[in-house]
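Commentary on secondary and tertiary structure
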Amino acid sequence: MKLARILVIAAAALAFSDAALAQHGGPGGPGMGPGGGGPGDRGPGGAGPIAVAPDGKAIDVKSTTTTSGSTTTTSIQLVAVSTAGTVAWTWTPPAAIHDIVFPTGLVVVAVEPQSSTSASSQIVALNLSTGSQAWATPVDGIAGDLHATSSGLLAVVSKYTAPTSSTTPGTVSRSLVSLNLSGTVVWGLSLD
């Protein structure tokens, strides 16, 4: 009897999570931005569009699409919801968010390059209590796979190098980058 109840609850949870993913545009959640991953890539968040901070705030990536004539615009906003169910703060990133982690007192996100011609993304830290930006560190490549450590952050940075000729293929190099909680790069190590 107890096992049957657990199975029913598990099935209901799976159905709810599938419905939520469908409503939010699939794994990765809403509004990580065009071409971006979602909190489901945590790659942001791990299991879905909502990340829960250590202080209990729900952090959501909200995407709003508007169409005017033939122009469609998507705006992205990070929304922190308090444990009382009210909006604690919002933050508008300069581009799509790719990852979210919670080192001590911070919300840290990887922000994709602001244009298709730029190869640099940013790792941005916000104060968890207020949402104010604490720091932003540019990295040469696309930052992702963020992890909070006891002393800072680790990120994998991938950089694409275009082919130099018709016979030389383009390459992708990856490096592991360590940052302290002030946003300073402490070291980088090639993973190739």
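Refer to the structure above for everything that follows.
Definitions and limits used
- Residues numbered from 1 in each chain as written.
- Predicted model: local features only at pLDDT ≥ 70, side-chain atom pairs only at ≥ 80, totals over all residues.
- Heavy atoms only, no water.
- Buried < 20%, exposed > 50% of the residue type's maximum accessible area, 1.4 Å probe, protein only.
- Helix = DSSP H or I, 4+ residues; strand = E, 2+ residues; numbered from the N terminus.
- Pairing = 2+ DSSP bridges.
- Axes fitted to C-alpha atoms, helices over the stretch in contact; angles between N-to-C directions.
- Core = buried A, V, L, I, M, F, W, Y, C linked by side-chain atoms within 4.5 Å.

Further remarks concern the pairing of strand β6 (residues 106-111). Most of β6 is tucked away, with 6 of its 6 residues classed as buried. Burial along β6 is two-sided: the residues L106, V108 and A110 and V107, V109 and V111 are all buried. Judged from the 4 bridges that link them, strand β5 (residues 97-101) and β6 form a sheet pairing that is antiparallel. Residue pairing for β6: I97 is matched across the bridge by V111.

Here we come to the sheet that holds strand β3 (residues 71-81). Strand order in this open sheet of 4 strands is β1-β2-β3-β4, and the pairing throughout is antiparallel. Single-partner strands in this sheet number two, and they are β1 (50-52) and β4 (87-91). Pairs of neighbouring strands in the sheet enclose a mean axial angle of 30 degrees, with direction left out of account.

Once that is clear, we can look at the nonpolar core. Residues I59, L78, W89, W91, I100, V107 and V109 are the most contacted members of the largest nonpolar core, which totals 20 residues. Those elements that provide at least two residues to this core are β2 (58-68), β3, β4, β5, β6 and β7 (120-127). One finds V108, A110, V139 and V177 within the second-largest nonpolar core, a separate group that totals 15 residues.

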